[in-house]
Amino acid sequence: MTGHAGWVLGLSADGDVPESSCPELVAEAAKSLGAGPVGWAVLTAARMTEEIVEKVPEHGGGAAQVEVLHRGVEASILLGLRGLLQDTPPTDDGIAAAAVEGAADLARRGVPLDAVLRGVRIGHAFLHRTLTDVVDREPEAVRTGEAHRLSELLFAYADVQASRIAEEYLAERARLRADQEVTRRQVVDELLADRPIEPAEASRILGYPVHLCHRAFVLWRENPPYGSTTVHRFCDELARACGADSFLVLPGDSGELWAWAGWESRPPATLAADLKARLSPPEGVGVSIGPAERGPAGMRRSLRWALECRRVAATLRPGWLCDYTEVWTLSLITSDLERARWYAEETLGALLAPGERISVLRETLRVYLGCGQSGREAARRLFIARNTVQYRLQRAEEILGRPVAQDPMRLWLALEIARLVPPGDEEETRAAR
């Protein structure tokens, strides 16, 4: 740390700190910076992201795209603060990995390089302006030396970051051009937007017959979130295991892969179970599967279901592979999470309270209702005694204040929602009753 750089440790957020996009990086940075500067960085990253998207809309495009940008911005600010504190000059390999991945994402989306670099310049100007305001409030002895050092170091970081981002962007664009992925993604975007396409031309561009009966897949990797080589390799295994007549793979959003397996007739009804039995993915890789649908419209419907299945599976974690049939009801009733939570709170009351014991009662009741209110079948599925099922049902009814049989469908739907929407604290739950 330089003689006057202690002001960095005095940084603190001047508003509510939003949720971090890089929680692991934040935890690591807090060890050297402390909670105040880290909170300042997270809040500043959110504001900077908004300014970049406002001035260069190409950096936006949707929640997933903004999240990728936000992650890179937050990681870069944390890196910059540590550099200021330690007076560390930037290096090519010291640029935040999330920012480099963001450049690749922009290349995949076809955002022009000048718009990408304009975003870097806007972000740099925002950070320089914000930190200059902080330094200007320091004593004269600190201001004199730190204003110049701040400008020099931030400009150096911006220069190296712009070069590294441009390098990654151009490399990704070259890969995209080689595989014709941009053109193919444009065709898929037309399909997803439910716009009319010419099937023969779409099949030619995609290298995949769109008239087939399709099942769509979404593949991702959670830990680490960026492991595209690993996911691509597993996707090759998945393609072979499907035994389909044709297979198409394209980059999706936020590091995902989207894939379609196509059959001239229909895929086997046991496909999901067969894949679970035959394949063992690398750690952190997940797959969701949509229904069997035919033609261009079927490609769209199957992928939309697979994407919804991925959303629900991210919370439920039912295993590495999630078939749409496992979550389709839950997907429909939680498409609006806020209203779904209100429904669960109104229906379950204190049975939505947090805690392991209440959770066990909810799960027992959910299984009991899901198997036609059969105590014997519920006991078999839960691997417990039938008397235990009856005891838990009685306890659940005591907490609910009404018989389970009074409105079983509404109760079952609320219990399904509770699997995806985490319970609130006890005061919040009591207030909802």
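Keep in mind that what you see is a predicted model, and the values were worked out from it rather than measured.

A. Local environment of the overall build of the protein chain. If you tally the helices and strands in the protein chain, you get 18 helices and six strands. By the burial criterion, 48% of the 433 residues in the protein chain qualify as buried. Summarising the internal contacts of the protein chain: among those between residues at least 6 apart in sequence, 74% fall at separations of at least 24. Carbon and sulfur atoms provide 51% of the accessible area of the protein chain, an area that totals close to 21100 Å². When the 51 basic and 62 acidic side-chain charges of the protein chain are each reduced to a single mean position, those positions are 6 Å apart.

B. How the structure looks around the nonpolar core. Grouped together as the largest cluster of nonpolar side chains are 42 residues, with contacts concentrated most on W7, I77, L81, L84 and L131. The set of elements that each furnish at least two residues to this core consists of α1 (23-33), α2 (35-55), α3 (63-86), α4 (97-108), α5 (113-135) and α6 (140-179). With nine residues, the top contributor of residues to this core is α5. When residues no more than four places from it in sequence are discounted, the contact partners of L131 are W7, L11, W40, L81, L84, L150 and L154. The next biggest cluster of nonpolar side chains, apart from the first, holds 27 residues, and it includes A340, A344, L348 and L393.

C. Geometry of empty space enclosed by the protein. One pass over the full model with this rule turns up one cavity of 30 Å³ or more. Of the pockets and cavities examined, the largest cavity occupies roughly 490 Å³. Lining the largest cavity are 32 residues, and of these G72, V73, S76, Q161 and I165 sit closest to its centre. Looking at the lining of the largest cavity, the elements that each hand over two or more residues are α2, α3, α4, α5 and α6. Sorting elements by how many residues they give to the lining of the largest cavity places α3 first, with nine residues. Considered class by class, the residues forming the lining of the largest cavity number 20 nonpolar, 10 polar and two charged.

D. A look at helix α8 (residues 199-206). Listed as buried for α8 are A202, S203, I205 and L206. End-on, the buried residues of α8 take up no more than an arc of 165°, which puts them together on one face. α8 presents A200 and R204 as exposed residues on the side facing more than 90 degrees away from its buried surface. Packed against the buried residues of α8 are α7 (181-192), β2 (246-251) and α11 (295-316). Residue E198 occupies the N-cap position of α8, its side-chain oxygen lying 3.1 Å from the main-chain nitrogen of A200. At the C-terminal side of α8, G207 shows a positive phi close to 65°.

E. Expanded view of the confidence of the model for the protein chain. With 94% of its residues at a pLDDT of 70 or more, the protein chain has an overall mean of 87. Scored below 50 in pLDDT, residues 425-433 shows 15 contacts in the model against residues more than four places distant or in partner chains.

F. Structural context of the environment of Q373. Within the element layout of this structure, Q373 appears in the loop between α14 (356-370) and α15 (375-382). On the basis of relative accessible area, Q373 is assigned to the partly exposed category, the value being 34%. As a C-alpha pair, Q373 and L275 span 98 residues in sequence and 32 Å in three-dimensional space. Look past the residues within four positions of Q373 in its chain and what remains in contact with it is Y368, A405 and P408.

G. Spatial organisation of the packing of aromatic side chains. Under the criterion given, the structure shown has five aromatic pairs. Consider the rings of W305 and Y324, whose centres lie 6.2 Å apart with planes at 55°: the pair is tilted. With W305 in helix α11 and Y324 in the loop between β6 (321-323) and α12 (328-333), this residue pair connects regions lying 19 residues apart in the sequence. The exposure class assigned to W305 is partly exposed, which follows from its relative accessible area of 24%. An aromatic cluster is present here, built from W305, Y324 and W328 joined pairwise through their rings.

H. Quick look at the pairing of strand β3 (residues 257-263). Taking burial as the measure, the seven residues of β3 include seven buried ones, the bulk of the element. Both faces of β3 are covered, namely the face carrying L257, A259, A261 and W263 and the face carrying W258, W260 and G262. Note: strand β1 (residues 213-221) against β3, seven bridges, orientation antiparallel. In the sheet register, R215 faces β3, and the bridge partner there is A261. Remark: five residues form the turn of the hairpin made by β2 and β3, two consecutive strands paired antiparallel; S254 in that turn has positive phi of roughly 55°.

I. A look at the packing of α2 against α3. Between α2 and α3, the least distance of the axes is 8 Å, while the angle of their chain directions is 135°. By the angle between their directions, the pair α2 and α3 is classed as oblique. Both α2 and α3 take part in a crossing whose hand is right-handed. Taking contact as the criterion, the partners of P37, V38, W40, A41, V42, T44, A45, A46, M48, T49, I52 and V53 in α2 are, on α3, V66, L69, H70, V73, E74, I77, L78 and L81. Its residues placed into classes, the contact of α2 with α3 shows 16 nonpolar, three polar and one charged.

Calculation criteria
- Residues numbered from 1 in each chain as written.
- Predicted model: local features only at pLDDT ≥ 70, side-chain atom pairs only at ≥ 80, totals over all residues.
- Heavy atoms only, no water.
- Helix = DSSP H or I, 4+ residues; strand = E, 2+ residues; numbered from the N terminus.
- Buried < 20%, exposed > 50% of the residue type's maximum accessible area, 1.4 Å probe, protein only.
- Contact = heavy atoms within 4.5 Å.
- Areas by Shrake-Rupley, 256 points an atom, 1.4 Å probe, with all protein chains shown as cover.
- Lys, Arg positive; Asp, Glu negative; His and termini not counted.
- Charge placed at Lys NZ, Arg CZ, Asp CG, Glu CD.
- Core = buried A, V, L, I, M, F, W, Y, C linked by side-chain atoms within 4.5 Å.
- 1 Å grid on protein atoms, 1.4 Å probe; cavity = no way out; pocket = protein on both sides within 12 Å on 5 of 7 lines; lining within 4 Å.
- Points joined across faces, edges and corners; volume = space filled by probe spheres on them.
- Nonpolar A, V, L, I, M, F, W, Y, C, P; charged D, E, K, R; others polar.
- Arc of directions from axis to C-beta.
- Polar contact = N/O pair within 3.5 Å; in protein donor to acceptor, adjacent residues only side chain to side chain.
- pLDDT = per-residue confidence, 0-100.
- Phe/Tyr/Trp six-rings, centres within 6.5 Å; stacked < 30°, edge-to-face > 60°.
- Pairing = 2+ DSSP bridges.
- Axes fitted to C-alpha atoms, helices over the stretch in contact; angles between N-to-C directions.
- Parallel < 35°, antiparallel > 145°, perpendicular 65-115°, else oblique.
- Left-handed = near helix turned anticlockwise from the far one by under 90°.

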